[in-house]
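Reading the structure
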Amino acid sequence: MDFFKKSLDPIVALAIIAVLDIFLFLIVGAWTVGGGETMIAGLFVKSLVGAKEMNRIPFWHLVFKPTWAYWKIYISLGMGFGALVSALLSKEFYWRVPKHLSEWVMITIGGLLMGIGIRLSFVCNVSTFLGLTPEMNLGGYLAVSGLVIGAWVGTFVYKKILEA
Amino acid sequence: MITVYGQCAAAFVFGTTVGVLVQRSRWCNTAALRDAMLFKSYRNTKALLVAMMILTVGFTGMISIGNGNPMRFDVGINQFIGLFLFGIGMVFAGACTVSSWVKTGEGNIGALWALLFLIVGLFLSSLVWSFSYWPLAGPTMTGHANAAGLQFGWADALTLQRDTGVPAIVFGVIQTGALYALYRRILRRERATLAAEAQERPMSSERAARPAAGLADAVVNPASSARDALSTLGD
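Keep in mind it's a predicted model, so treat the numbers as computed, not measured. (Residues numbered from 1 in each chain as written. Chains lettered and ligands numbered in written order. Predicted model: local features only at pLDDT ≥ 70, side-chain atom pairs only at ≥ 80, totals over all residues. Heavy atoms only, no water.)

Turning to the overall build of chain B, a few remarks are in order. Looking only at helices and strands, chain B has 10 helices and 3 strands in total. When the helices and strands of chain B are listed from N to C terminus, the series reads α-α-α-β-α-α-α-β-β-α-α-α-α. Within chain B, buried positions represent 49% of all 235 residues. Considering only contacts within chain B whose residues lie at least 6 apart along the sequence, 64% involve residues at least 24 apart. As presented, chain B carries roughly 10800 Å² of accessible surface, and 68% of it is formed by carbon and sulfur atoms. (Helix = DSSP H or I, 4+ residues; strand = E, 2+ residues; numbered from the N terminus. Buried < 20%, exposed > 50% of the residue type's maximum accessible area, 1.4 Å probe, protein only. Contact = heavy atoms within 4.5 Å. Areas by Shrake-Rupley, 256 points an atom, 1.4 Å probe, with all protein chains shown as cover.)

The next subject is the sheet that holds strand S3 (residues 151–153) of chain B. If you trace the 3 strands from one edge of the open sheet to the other, you get S1-S3-S2 (chain B), paired in antiparallel fashion. Each having just a single partner strand, strand S1 (75–76) and strand S2 (145–146) of chain B make up the two edges of the open sheet. (Pairing = 2+ DSSP bridges.)

So, on to the layout of surface pockets. In this structure, the largest pocket encloses a volume near 670 Å³. Every residue lining the largest pocket is counted, 28 residues in all, and those nearest its centre are Tyr70(A), Lys72(A), Met71(B), Phe73(B) and Gly138(B). Secondary-structure elements contributing two or more residues to the lining of the largest pocket are helix H2 (35–49), helix H5 (71–89) and helix H6 (101–121) of chain A. Taken together, the residues that form the lining of the largest pocket break down as 16 nonpolar, 8 polar and 4 charged. (1 Å grid on protein atoms, 1.4 Å probe; cavity = no way out; pocket = protein on both sides within 12 Å on 5 of 7 lines; lining within 4 Å. Points joined across faces, edges and corners; volume = space filled by probe spheres on them. Nonpolar A, V, L, I, M, F, W, Y, C, P; charged D, E, K, R; others polar.)

Our next topic: the pattern of salt bridges. Think of it this way: side chains of opposite charge can pair up when their charged atoms draw near. Evaluated as defined, the whole model comprises 7 salt bridges over all chains. With its nearest N and O atoms 3.8 Å apart, the salt bridge here joins Arg26(B) to Glu92(A). Here Glu92(A) lies in the loop between H5 and H6 and Arg26(B) lies in the loop between helix H1 (4–25) and helix H2 (29–38), a pairing that spans two chains. The class of Arg26(B) is partly exposed, set by a relative accessible area of 28%. On the accessibility criterion, Glu92(A) (25% relative accessible area) is partly exposed. (Salt bridge = Lys/Arg side-chain N within 4 Å of Asp/Glu carboxyl O.)

We now examine the packing of aromatic side chains. All told, the structure shown has 15 aromatic pairs over all chains when counted by the stated rule. For the pair Trp104(A) and Trp113(B), a centre-to-centre distance of 5.3 Å together with 90° between the ring planes defines the contact as edge-to-face. One end of the pair, Trp104(A), is in helix H6; the other, Trp113(B), is in helix H6 (residues 109–132), on a second chain. Judged by relative accessible area, Trp104(A) falls into the partly exposed class, the value being 22%. Given a relative accessible area of 30%, Trp113(B) falls into the partly exposed group. Three or more aromatic residues joined by ring pairs make a cluster, and in this case those are Phe59(A), Trp60(A), Phe64(A), Tyr70(A), Phe123(B), Trp129(B) and Tyr133(B). Over the ring of Tyr94(A) we find Arg96(A), and its NZ or CZ is 4.0 Å from the ring centre. (Phe/Tyr/Trp six-rings, centres within 6.5 Å; stacked < 30°, edge-to-face > 60°. Lys NZ or Arg CZ within 6 Å of the ring centre and 35° of its normal.)

Turning to the interface of chain B and chain A, a few remarks are in order. On the side of chain A, 121 residues touch chain B, which itself brings 113 residues to the contact. Buried area between chain B and chain A, summed over both chains or domains, comes out near 10700 Å², and the portion from carbon and sulfur atoms is 79%. Counting across the interface, chain B meets chain A through 30 residue pairs in polar contact (both at pLDDT 80 or more). For the side of chain B that touches chain A, the element with the most residues is H1(B), which contributes 18 residues. Residue composition of the side of chain B that touches chain A, grouped by class: 73 nonpolar, 33 polar and 7 charged. (Buried area = accessible area lost by both parts, 1.4 Å probe. Polar contact = N/O pair within 3.5 Å; in protein donor to acceptor, adjacent residues only side chain to side chain.)

Three or four residues apart is the spacing at which side chains of an α-helix point the same way, because the helix has 3.6 residues per turn. Between the first and last C-alpha of H1(B) there are 31 Å, a value that for 22 residues agrees with the 32 Å anticipated at 1.5 Å per step. Where H1(B) ends, the next residue or the one after it, Arg26(B), has phi of about 60°, a positive value. (Expected span 1.5 Å × (residues − 1).)

Let us look at a positive patch on the surface. A cluster of like positive charges, contributed by Lys159(A), Lys160(A), Lys40(B), Arg184(B), Arg185(B), Arg188(B), Arg189(B) and Arg191(B), occupies part of the molecular surface. Elements supplying a minimum of two residues to the positive patch: helix H8 (138–163) of chain A together with helix H8 (168–208) of chain B. Here the positive patch gets 5 residues from one element, more than from any other, and that element is H8(B). Checked against the element boundaries, Lys160(A) lands in helix H8. (Patch = residues over 30% accessible without salt bridge, like charges linked within 9 Å, V, L, I, M, F, W, Y side chains within 5 Å. Lys, Arg positive; Asp, Glu negative; His and termini not counted. Charge placed at Lys NZ, Arg CZ, Asp CG, Glu CD.)

Have a look at this one:
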């Protein structure tokens, strides 16, 4: 299959995704990431501590009741599955492991900050750029401002670390 | 009306398609911001802007004819603070939420690690929310300004249409025009960079005749070393 032998122009890829996202918007809602991961976190902890303990935490019975029947989980799982299939078909699947301790530390801090940021704002980068802003929600403009400034600060710090 | 299982199936098909397209195109939201700031490289930024233009017309068009499911989402300071932290985090992790899933699918253990800690961060934040009940979450948003919760109420294309009587698509076209102006500006900047590089080319061929100059460049221009280091993360 030729499709898996050459790379795709990101403009073409994102244009196709955008058109599909309009259909998803009609069916259930715009593409978001973060809600699915939140639900995965809730389901995982619920499987460890049980439903009774979980219900003692207000967030998990007021905001997110852990359930597998939550469509956003399947967007996230689908992205991982699609990438796996695509990487296997294009022979681009191979294990990559960060080599340096500093990389592990940066990735750990980065992951934690992303998780805290999503929960604080109740949106992620995808719903900021490809959900709230196209829906012209003022929260989207605030989120874009925060994300761009945050990325600038992160880039500045990262550059300093690399130069050091 | 689509059933819950239908929603989950549609979401999985959409997610799988996104996974394939992002894997084949190497698109990354982190790179769309980081590379533009660090290397003046706009490959991912242009794709993001094109998607935003299509979606703005699509979403506001659907809202104009009474279709679609816009997010019922109040505007709050928390969105600025949260995404500020997220922006720092995605640069540190070398991947955003989408590329973390895609790179995990490609066998990148670093991306899987980032996802695991993203989930840890989400859970820890849920505990903090349970003490503070701030910021207001979806079910507790009223749609009205709430000074104590640092919320400004609900304001999007749908409320604009309702309050002004002007179809949402009109506002959507204006926003698309602004995004297109930004896109054109990036194209102009890229052309100017290419022209400057073409002028410098004779100097580069002179430099190639002196191999030691390459090493000196790496010392003088840390950005080139930085790009090499960042590329090891697999963007």
